[in-house]
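For reference, the chains in residue letters:
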Amino acid sequence: MLLQIGMSLGAGTRAPASPLVFLLAGQSNMIGRASFDGGATYPAGTLQWTQAGALTPAVSPLDHVDEDPGDMGLALQFAIEKGALPPLILVPAARSSTGFSDNRWNPGDDLYAAAVTRTNAVMAANPSFTFGGILWHQGEKDSQASGPAAAYQAKLDAMLTAMRGDITAATATTPIVLGRLLPAVFAKSGYAFAGSVDAVIADTPNRVPFTAVASAAGLTSGTGAGAPADDLHFDAPSLRTLGTRYAAALGAAAANAPAVPDQVTGLTVTPGDTENALAWSAPAANHSPISDYVIEVSVNGGATWAVVADGTGTATGAVHTGLTNGVTYTYRVAAVNGIGTGPASAAAAGTPALPPGRTVTAFAHAESGSTPATRTFTFPGVTVAAGSVVVGVCGRGSPDGAVASVTVGGVGATKVGNVQENINDIGLWIAEGVTGTSASIVVDWGSGNTVDRCGVAAWSVSGAPGAADCTFAGSGASGTGLSSRTTSIDVAEDGLLLAYTQMIQGGGDPQVAAWTGVTGRLPGTAVSPGFNHAAADHAVTSGETGRTVTATYAAAYNYPHLVLCHVAPE
């Protein structure tokens, strides 16, 4: 049926805009269950597309699927607020007590299909019409059990997206207005999950672009004759108010377009040893998913900024490493989405410093080079600090290659732990009560052993810890062509984590390309040609169960071993 809408135009009068078509969908609160209040009726020229596929004047109640004679709906006041020009064409399609959980409004379900088909039919029959949008009021049906309520957001969003695709005159920017549930239903028996469903409806504009919500605040189901009085359906005055709110929300829906993310908030900076840990709160993405965060840093109080090269990611935190203790670093963070980069956060600053717990007060290393086979190696003049010294020892010998004893400046050391494989041995020892600023470290490989290379790394540790303060972890096994070695250990806040590794490459110069979980202190250094050792450490600022340390080697090496020592806090 092709409708001809015309009017007599006087001189200088502009022709009216194209009639606007609105789909009215959902359940009984879209239909209305209050008796008509005798007030204003539909503006002249407002039409409805009936269930039979005819354009007729809009009257209360509209021709929904199961309207009750004598009732009125929110569409009445909506039409009044929109006015007579351009004329409104309403497509009533709601049915009481229906939802997603009973398979009525999911894409492809019967009510969904009927609503789409009838809307497409009126648009096809009247090519001059413009599709104005979708008015949706539903949710009570899916508020009665936990399962439907939990699935409501996904179901609702899928339906809104599908309607924009299945209605031929709709686009991705077609405005959709959703109404919130009657407040009294939250306490109504049998609707235990109305609050969670209503929250999903209220949040829809944050998830789905070009949508808006009509509030139900202050509305009631009324009392007395003609009022539903059931704490479920709106009374006539409330339907009038709700229709006004739907009309007002239509403009908000049209303006709710994708945009750059909102400003990042809650930026904090937690200083550590040569690093700052940043954390922040994710802002609203504004209908385009956040794809990255841009971190900028300033070392002059914000006068100039540089981008931190932290890669691309959506984590709401990062650790800026390789910093100088005592220097204040100021940061700001902005979120990025497909539209662009949002405003930067308020600035926050942090000054890296040595933590208050255990620290390395001195570090030194020594290597034997290739030597005639012997059982004892002496490394004179190794730099130390008075107190406790943890010594990493590695070597290669026969028949069992196991270290028997270590002394530091004449002080006997206690073995913390070792990994011994065939003729290779790597271990950590602690000597307590060392004096002076340099000491000879003596390594004895035991009676019957002959060793032709040995290396040591010595950490002097604050607070004079003892062997009881140290825990050990190590990994290593026979094998060739290995490119990394990983070990984990429990660490405590304000403790100190030490790492020591050895690797073999015949005729080469094996190196550690990168450390994870610790900061490198001694690069790959030759104990003898092709037999290198390396060391790293980390001042622990946060306790962690199973902190992972990985030595990633520059190439595939033979027989790599990795040992760790955690020194407990004071």
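Not measured: the values here are computed from a predicted model.

Cut-offs applied
- Residues numbered from 1 in each chain as written.
- Predicted model: local features only at pLDDT ≥ 70, side-chain atom pairs only at ≥ 80, totals over all residues.
- Heavy atoms only, no water.
- 1 Å grid on protein atoms, 1.4 Å probe; cavity = no way out; pocket = protein on both sides within 12 Å on 5 of 7 lines; lining within 4 Å.
- Points joined across faces, edges and corners; volume = space filled by probe spheres on them.
- Helix = DSSP H or I, 4+ residues; strand = E, 2+ residues; numbered from the N terminus.
- Buried < 20%, exposed > 50% of the residue type's maximum accessible area, 1.4 Å probe, protein only.
- Core = buried A, V, L, I, M, F, W, Y, C linked by side-chain atoms within 4.5 Å.
- Nonpolar A, V, L, I, M, F, W, Y, C, P; charged D, E, K, R; others polar.
- Pairing = 2+ DSSP bridges.
- Salt bridge = Lys/Arg side-chain N within 4 Å of Asp/Glu carboxyl O.
- Axes fitted to C-alpha atoms, helices over the stretch in contact; angles between N-to-C directions.
- Left-handed = near helix turned anticlockwise from the far one by under 90°.
- Contact = heavy atoms within 4.5 Å.

Asks: For the layout of surface pockets, give the residues involved together with the corresponding values.
Replies: Over the atoms, a rolling probe the size of a water molecule traces out where space has been left empty. Its volume calculated, the second largest pocket comes out at about 270 Å³. Looking at the second largest pocket, it is lined by 16 residues, and the ones nearest its centre are Glu-275, Ala-277, Val-319, His-538 and Thr-541. Contributing elements (two or more residues each) for the lining of the second largest pocket: strand 10 (265–272) and strand 11 (275–281). In terms of residue count, strand 10 provides more of the lining of the second largest pocket than any other element does, 3 residues in total.

Asks: Outline unusual backbone geometry, listing residues and values.
Replies: Leaving glycine out, the prevailing phi sign among residues is negative, and the prevailing peptide bond configuration is trans. In the segment running from Ser-60 into Pro-61, the intervening peptide bond is cis, with an omega of -5 degrees. With respect to the helices, strands and loops of the structure, Pro-61 is situated in the loop between strand 4 (55–57) and strand 5 (71–72). Notably, Thr-274 is not glycine yet its phi reads approximately 60 degrees, a positive angle. A relative accessible area of 26% places Thr-274 in the partly exposed class.

Asks: Any details on the nonpolar core? Residues and values, ideally.
Replies: Counting 41 residues, the largest nonpolar core has Leu-23, Trp-105, Val-122, Trp-136, Leu-156 and Met-159 as the members making the most contacts within it. Listed by contribution, the elements that provide at least two residues to this core are strand 1 (20–26), strand 3 (47–49), strand 6 (88–92), helix 3 (110–125), strand 7 (130–137), helix 4 (146–166), strand 8 (176–179) and helix 5 (194–207). The next biggest cluster of nonpolar side chains, apart from the first, holds 34 residues, and it includes Met-30, Val-177, Ala-214 and Ala-216.

Asks: Can you lay out empty space enclosed by the protein for me, pointing to particular residues and giving the numbers?
Replies: For the structure on display, the rule yields 1 cavity of 30 Å³ or more. As a volume, the largest cavity reaches approximately 40 Å³. As for the largest cavity, its lining consists of Met-30, Ile-31, Tyr-42, Ser-60, Pro-61, Leu-62, His-64, Met-72, Gly-73 and Ala-75. Among the residues forming the lining of the largest cavity, the class breakdown is 7 nonpolar, 3 polar and no charged.

Asks: Provide a residue-level description of the sheet that holds strand 15 (residues 329–336), including the pertinent values.
Replies: Read across the open sheet, the 4 strands follow the order 13-12-15-16; overall the sheet is antiparallel. With partners counted over all chains shown, the strands left at the sheet margins are strand 13 (306–307) and strand 16 (348–350), one partner each. Of the strand pairs in this sheet, strand 12 (residues 292–298) and strand 15 are connected by 7 bridges, and their pairing is antiparallel. Paired with Val-297 across the bridge in strand 15 is Tyr-331.

Asks: Requested: an account of the pattern of salt bridges, with residues and values cited.
Replies: All chains considered together, the criterion is met by 12 salt bridges. The closest approach of N and O atoms between Arg-104 and Asp-110, which form a salt bridge, is 2.8 Å. Note that Arg-453 is salt-bridged to Asp-452, the shortest N-O span being 2.9 Å. Judged by its relative accessible area of 19%, Arg-453 is buried. Classification of Asp-452 by relative accessible area gives partly exposed; the value is 29%. Taken together, the shared-partner salt bridges in this structure form one network comprising Arg-33, Asp-66 and Asp-68.

Asks: Kindly report on the packing of helix 4 against helix 5, identifying the contributing residues and their values.
Replies: Between helix 4 and helix 5, the shortest axis-to-axis distance is 10 Å and the interhelical angle comes to 35 degrees. Crossing geometry of helix 4 relative to helix 5 is assigned as right-handed. The segment helix 4 lies against helix 5, with Ala-149, Tyr-152, Gln-153, Leu-156, Asp-157 and Leu-160 engaging Ser-196, Val-197, Val-200, Ile-201, Thr-204 and Arg-207. A breakdown of the residues in the contact of helix 4 with helix 5 according to their chemical character gives 7 nonpolar, 3 polar and 2 charged.

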